[in-house]
Amino acid sequence: MLAALRGLLIASLFVLPVFAQQTGSINGSVSDTNGDPLPGVVINMESESLQGSRSAVTTDQGQFLMRLLPPGIYTLTATMPGMRTLKQEVRVSIGTATRPRMVMEPEGTTEVVVVVADRVFELDTTQVASNFEGDFVEKLPRARDLESVATLAPGVTVGQFNSGISVNGASSTENVFMLNGAFINVDGIRGSADNLFIEDDIQETQVITGNASAEFGFFAGGMVNSITKSGGNEFHGTFRTSLSNEDWTARDPIELRSGVEKIDKINKEFTFTFNGPIVKDRLWFAVAGRKFDTETNDQLRQGTPLSDSQAAALGLPGGQTAPGAESFVATTERQRVQLKLTGTIAEGHTVVASYLEEEVDAVNNQSFSAISFAGVDPASSFPTDLLSLNYRGIITPAFTVDANYAQRNGDLSFGQATSDRIAGTTIRHRDQASAYTNAPFGGGAVNSRNSENWNIKFSYFLNSNNLGSHDITFGGQSITEERNENNFQSASGWQMRPRWTRWENGQPIPIFEGNGNAGTSAWIIYYPVTNLSQGSDFTTTAAYINDVWTLNEHWYFNLGLRYDKNDTSAEDGQELSSTDNMSPRITVNYDLHGDGVHQFSAGYNVYSSKLNDAAQDGSTAGSPAVFAWSYDGPQTENLADIFTWIDQTFPGGIAGVENIDLNTIQNPYLFFQDYSPDTSFESLSTVPAEGGIDGQSVEEFTVGYKHKLGNRGFVKADVIVREYSDFLTDFVNQETGQTSAGIDRTVLNNSDDYERDYFGVNLSGNYRFEGNWSLGGNYAYAKAEGNIAGENSGSGAISTATTTTYPEFNHPRINPTGLLSNYSEHTVRLWTGYELNTSLGDFSFNALGSYFSGTPYGMAYSVNIAGQETAYGLPDPATLPYSNPPTTLTYNITDPDAFKWDGFTSIDLGVNYSLMLKSRYELFVQFDITNILNSDAQTAGNTTVNAIDGAPAFDLFNETPVEGVHYERGPNFGNATVGSSFQAPRSVTIDVGLKF
């Protein structure tokens, strides 16, 4: 075993030299009581987080710098002949520079002077960042995954489609998550974090939301960076059993209406951490693991009944009903283990190696919304492994090297494999929010989504007599994301989308209405994966230089420049991008009195995101071709009848379609196609623009104020303005042409035809009162506006086509600007903690209060223009050179922010009890109650608006549609149809365990 550990450490020295810091630094100064700098002072530094000790000598300006310090509490000892020895304790956090000021007195009767640090590290940085220690997060009554921790920071909210997080108005796909220097975004599709850690093993998390150093990049939103514990010269560990029970969670209003009964079964999650020395001050280990099997109730989507008018049009009686949300049991089995080694191979040279494996198996996984159990995935699995290697070298006291390499491998399989065409065809009900039934999404194939990243950073500390000190960093880094995935939409490749649904005995019955009109008929879609994936390669490589320039005790600056180059290819080998960008980073900080009490800052920064997976929309491999027809047969409720109609009506029948015979496929019922038989330009239906495509860009302007409240706390205020640009956009116009198969070609390019802007004011602070009481929190005002999402719930990152495809069919109400749907204008988060120590044990009481103002929504519907284009004020498609002009158009009846869902308040409470045994072992019990008042605000809901069949045409440019004549609100408009439309109900969890 020891040989294997030694081999892992040695191997890490020979890999390629991530860009998220795993260490911090101390940039301090020493002066006498007159304020004059003291050169030649010896600074010794010790910490439980550090192998051995470090020392430095102050420069002629009295300054000293120590880099590559693991986070923790450090004791600084300053010695100089003729002066009293001075000791000062400071905290070092990841990605920050602590700036202690040490004032030495002449020798006297007191041999050693011990002082309290006079600086607050949260204020001594030009970045807009929040650091959260693992011990602090553990006490809060909330989840401890990276995204939940990130939302404690001001300016961070849940993503637009309840996926990931959004930072300062960015899409949720535009963030970077790091763990031990490894890039751990789940994929380039949704951009959410893969929480590959054990919560008790997390030492600290940093959330960067503005004024980022040039060292940090690949994002247009923000960065979340975490590190796990490394061990020390003493053995420490935890064993925790987390108890949860679905019956301990209150029922939401949908469950109450539907009479859902919770499963009364205690789910047990077992986690452990164990760390300590293999060789003291030379080699430490840290191991952690988890086993968590759950059995919970999940809900199908609540059905929406036909209106009386629509029922009559379909020949059905009025008074149609729909059931409540049916529940079912979902089970998940998770196992995870992690090993981390930290070794000093020579004085000043440290290697850190970390490896993790995870297995996740799910039964009855509702990956996409379903309205019957047949649309639920019966079995899926998600194995992952993660390797991270880090070398830290002190070449000279002024020159250091920090190199990282990481690799993540992830597989996923979902859906079911079957040769039965009927059983393997998914049905998505268009009047039920396109929810699934009959068969789940996917075809049972195993797909992979992998990534690797590396970084090598050099740092040099330069002093000058007149221009202060320069902490200069420079280096290179790279991220590569690989996707080898065959995106089967169903086992058969077929998908049916009926326009209407009725309900019988609680089950959805699809109504396949046929009139040949794409707006009102059922749709028949075939999704063949004609070319299997070769694996994509999305690589962005960067070089940077950054100078943290301390001019004097009043002024310090961050001056940086970053260069990013994209080199990407799709899963069919197409080259997508070979573009590059320059990003300046400039922040100035002014300390009014030079003592850290009043500080002012201003910044200008540019961020260039890496390309996300939407850039390969035109890949002919892995992604399915799409052929969509309007059904024009007799009304039926039988899926087999649809296949019979295809066989009898299409020349060549079903076999012709499945053999991709274009003579069969391109018949009069076809209203949409996206197919490229090979990668030649003539065949490709979607191509990147000449010169390649870029990631999203953002310009950022900031001003800030920071105030130190003695030695007990601080308050901060930041104003952040962002302007987003270079959106990934689809273009179809009269110049983009057609493929050899006669399909209108789409050109992918970056565009500023859409808008997305952000204005935010963030207030935050922490304060520790006399005794054991602390208070902290933040307030954020956010105005996020635009007319582009750049993502959706099904696909994650997407290209946008609203007004840039078929521009002749644009109209004034197709894409108005408004507040973004996921942003609350006002957000408050407050937390407080009180420690009570008694002879019977120690109690810790922690409360978290949150308020979110309501998020906006509007009214829009799809107008069927087929055959009536000129009556709607549009050009006759016969006069245009398009093969598939639009047959429907979106019409926004109101602005997208005309209405607001409920705002909501939540109060969460955590109570911790611990008892020390033999001064070494700590037994603990932890009770967490979230939403203790069980508030049930409706935070989202149904926004369905339907066109009325047979409605008269109207001039899209000069007339306004009339409710009841042209459109009608769906029966559930404005109402909740799924439990997730309400704030999470009250829930209780209990943790018991042992720490040592």
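Keep in mind that this is a model prediction, so the values were computed, not measured.

### As for the overall build of the chain
1) Next: The helix and strand tally for the chain stands at eight helices and 60 strands.
2) Next: By the compact-globule yardstick of 30 Å for 996 residues, the chain fits well, its C-alpha radius of gyration being 30 Å.
3) Next: Here the C-alpha coordinates of the chain stretch approximately 105 × 60 × 60 Å along the principal axes.
4) Next: Going through the 996 residues of the chain one by one, you find that 58% of them count as buried.
5) Next: Accessible area for the chain stands at about 37,800 Å²; split by element, carbon and sulfur atoms hold 53% of it.
6) Next: Taken as two groups, the 60 positive and 116 negative side-chain charges of the chain have centres that lie 9 Å from each other.

### Quick notes on the sheet that holds strand β32 (residues 523-526)
1) Next: What the six strands build is an open sheet, ordered β26-β25-β29-β32-β38-β39; its pairing is mixed. Only two strands of the sheet have a single neighbouring strand rather than two, namely β26 (435-437) and β39 (670-674). Strand-to-strand twist across the sheet, computed as the mean angle between neighbouring axes with direction ignored, equals 20 degrees.
2) Next: Summarising the sheet, strand β25 (residues 426-429) and strand β29 (residues 494-497) pair through two bridges and their orientation is parallel. Residue pairing in the sheet places Thr426 in a bridge with Gln495 of β29.
3) Next: The sheet strands contacting helix α6 (residues 639-649) are β25, β29, β32 and β38 (626-630), and the helix crosses β29 at an angle near 110 degrees.

### Let's talk about unusual backbone geometry
1) Next: Backbone geometry places Asn180, a non-glycine residue, at a positive phi of 50 degrees.
2) Next: With respect to the helices and strands, the residue Asn180 is situated in the loop between β13 (176-179) and β14 (182-183).

### Topic: the side chain of Asn546
1) Next: Mapping Asn546 onto the fold places it in strand β33 (residues 537-550).
2) Next: Side chain to side chain, Asn546 and Ser213 meet in a polar contact 3.4 Å long.
3) Next: If sequence neighbours within four positions are ignored, Asn546 has contacts with Ser213, Ala214, Asp471, Ile472, Thr473, Asn558, Leu559 and Gly560.

### What to know about the packing of aromatic side chains
Each aromatic ring pair is described using two quantities: the centre-to-centre distance and the angle formed by the ring planes.
1) Next: If you walk through the whole model with that rule in mind, you get 47 aromatic pairs.
2) Next: For the pair Trp629 and Phe650, a centre-to-centre distance of 5.2 Å together with 50 degrees between the ring planes defines the contact as tilted. Placement of Trp629 in strand β38 and of Phe650 in the loop between α6 and α7 (653-658) is noted, with a sequence separation of 21 residues between them.
3) Next: Judged by its relative accessible area of 2%, Phe650 falls in the buried class.
4) Next: Here a set of aromatic residues connected by ring pairs shows up, and it is made of Trp494, Tyr526, Phe627, Trp629, Tyr631, Phe643, Trp645, Phe650, Tyr669 and Tyr675.
5) Next: Looking at Arg745, its charged tip hangs above the ring of Phe681, at a distance of 4.2 Å from the centre.
6) Next: Directly above the ring of Phe924 sits Lys995, whose terminal nitrogen or CZ lies 5.1 Å from the centroid.

### A few points about α6
1) Next: Listed as buried for α6 are Leu639, Ile642, Phe643, Trp645 and Ile646. Along the long axis of α6, the arc covered by the buried residues comes to 155 degrees, so they all point the same way.
2) Next: Elements in contact with the buried residues of α6: β25, β29, β32, β38 and α7.
3) Next: Two or three places before Ala640, at the opening of α6, Asn638 has a side-chain oxygen 2.9 Å from that residue's backbone nitrogen.

### Some details on the pattern of salt bridges
1) Next: The tally for this structure, following the rule as stated, stands at 33 salt bridges.
2) Next: Its salt-bridge partner being Arg722, residue Glu700 comes within 3.0 Å of it at the nearest N-O pair. Of this pair, Glu700 sits in strand β41 (residues 697-709) while Arg722 is found in strand β42 (residues 713-725), placing the two residues 22 residues apart along the sequence.
3) Next: Residue class for Glu700 comes out buried when judged on its relative accessible area of 0%.

### Points about empty space enclosed by the protein
1) Next: Taken as a whole, the largest cavity spans an internal volume of roughly 430 Å³.
2) Next: In terms of lining, the largest cavity is formed by 26 residues, of which the most central are Gln21, Ser25, Ala97, Asp471 and Val548.
3) Next: When contributions to the lining of the largest cavity are tallied by element, the ones reaching two or more residues are β1 (24-32), β4 (63-69), β27 (443-463), β28 (469-484), β33 and β34 (555-569).
4) Next: Among the elements that line the lining of the largest cavity, the one with the most residues is β1, at three residues.
5) Next: Residue composition of the lining of the largest cavity, grouped by class: five nonpolar, 15 polar and six charged.
6) Next: As for the second largest cavity, its lining consists of 20 residues, of which Glu174, Asn612, Gln696, Leu728 and Ile798 are closest to the centre.

### Details of the sheet that holds strand β44 (residues 746-751)
1) Next: Across the sheet, which stays open at both edges, the three strands sit in the order β40-β44-β43 with mixed pairing between neighbours. The sheet terminates laterally at β40 (686-688) and β43 (727-731), the two strands that pair on one side only. Sheet twist, expressed as the mean angle between neighbouring strand axes with direction ignored, is 35 degrees.
2) Next: Here five bridges tie β43 to β44, and the two strands are oriented antiparallel to one another. Note on β44: the bridge partner recorded for Leu728 is Asn750.

### A few points about the UniProt feature "domain: TonB-dependent transporter Oar-like beta-barrel" (unreviewed entry) in the chain
1) Next: Cross-referencing UniProt, the feature "domain: TonB-dependent transporter Oar-like beta-barrel" (unreviewed entry) maps to residues 227-302 in the present numbering.
2) Next: Within residues 227-302, the helical portion is 8% and the strand portion 57%, while the C-alpha atoms at the span's ends are 42 Å from each other.

### Details of a nonpolar patch on the surface
1) Next: Together, Phe235, Phe239, Phe270, Phe272 and Phe274 give the surface a local cluster of nonpolar side chains, amounting to about 430 Å² of exposed area.
2) Next: With three residues, strand β18 (residues 266-279) is the largest single contributor of residues to the nonpolar patch.
3) Next: Inspection of the secondary structure assignment puts Phe272 in strand β18.
4) Next: On the accessibility criterion, Phe272 (33% relative accessible area) is partly exposed.

### Description of the environment of Ala491
1) Next: Tracing the chain through its elements places Ala491 in the loop between β28 and β29.
2) Next: Since its relative accessible area comes to 27%, Ala491 is described here as partly exposed.
3) Next: The spacing of Ala491 and Leu243 is 248 residues in sequence and 38 Å in space, taken between C-alpha atoms.
4) Next: Setting aside residues no more than four positions away along its own chain, Ala491 makes contact with Gln416, Ala417, Thr418, Gly424, Gly442 and Gly443.

### Examining the confidence of the model for the chain
1) Next: Per-residue confidence for the chain gives a mean pLDDT of 92; residues scoring 70 or more make up 97%.
2) Next: Every residue in residues 1-18 is under pLDDT 50, and counting partners more than four places away or in other chains gives 33 contacts.

### Things to note about the side chain of Asn275
1) Next: As for its placement among the helices and strands, Asn275 is situated in strand β18.
2) Next: Setting aside its immediate chain neighbours within four residues, Asn275 contacts Gly231, Glu234, Phe235, His236, Phe285 and Ala286.

### Some details on a negative patch on the surface
1) Next: A contiguous patch of negative charge on the surface is contributed by Glu699, Glu723, Glu755, Asp757 and Glu785.
2) Next: By the element assignment, Glu699 lies in strand β41.
3) Next: Owing to a relative accessible area of 30%, Glu699 belongs among the partly exposed residues under this scheme.

### Description of the pairing of β29
1) Next: On β29, burial covers both faces: Trp494 and Met496 on one face and Gln495 and Arg497 on the other are all buried.
2) Next: Here β29 runs beside β32; their pairing, made up of four bridges, is antiparallel. Within β32, the residue paired with Met496 across the bridge is Ile524.

### Digging into the environment of Pro378
1) Next: As for its position among the elements, Pro378 is in strand β22 (residues 377-381).
2) Next: Assessed through its relative accessible area of 34%, Pro378 is described here as partly exposed.
3) Next: When the C-alpha positions of Pro378 and Leu933 are compared, they lie 36 Å apart, and in sequence the two are 555 residues distant.

Calculation rules
- Residues numbered from 1 in each chain as written.
- Predicted model: local features only at pLDDT ≥ 70, side-chain atom pairs only at ≥ 80, totals over all residues.
- Heavy atoms only, no water.
- Helix = DSSP H or I, 4+ residues; strand = E, 2+ residues; numbered from the N terminus.
- Rg over C-alpha atoms; globule rule 2.2 N^0.38 Å.
- Buried < 20%, exposed > 50% of the residue type's maximum accessible area, 1.4 Å probe, protein only.
- Areas by Shrake-Rupley, 256 points an atom, 1.4 Å probe, with all protein chains shown as cover.
- Lys, Arg positive; Asp, Glu negative; His and termini not counted.
- Charge placed at Lys NZ, Arg CZ, Asp CG, Glu CD.
- Pairing = 2+ DSSP bridges.
- Axes fitted to C-alpha atoms, helices over the stretch in contact; angles between N-to-C directions.
- Contact = heavy atoms within 4.5 Å.
- Polar contact = N/O pair within 3.5 Å; in protein donor to acceptor, adjacent residues only side chain to side chain.
- Phe/Tyr/Trp six-rings, centres within 6.5 Å; stacked < 30°, edge-to-face > 60°.
- Lys NZ or Arg CZ within 6 Å of the ring centre and 35° of its normal.
- Arc of directions from axis to C-beta.
- Salt bridge = Lys/Arg side-chain N within 4 Å of Asp/Glu carboxyl O.
- 1 Å grid on protein atoms, 1.4 Å probe; cavity = no way out; pocket = protein on both sides within 12 Å on 5 of 7 lines; lining within 4 Å.
- Points joined across faces, edges and corners; volume = space filled by probe spheres on them.
- Nonpolar A, V, L, I, M, F, W, Y, C, P; charged D, E, K, R; others polar.
- UniProt positions renumbered as here; feature names shortened; annotations may be inferred.
- Patch = residues over 30% accessible without salt bridge, like charges linked within 9 Å, V, L, I, M, F, W, Y side chains within 5 Å.
- pLDDT = per-residue confidence, 0-100.

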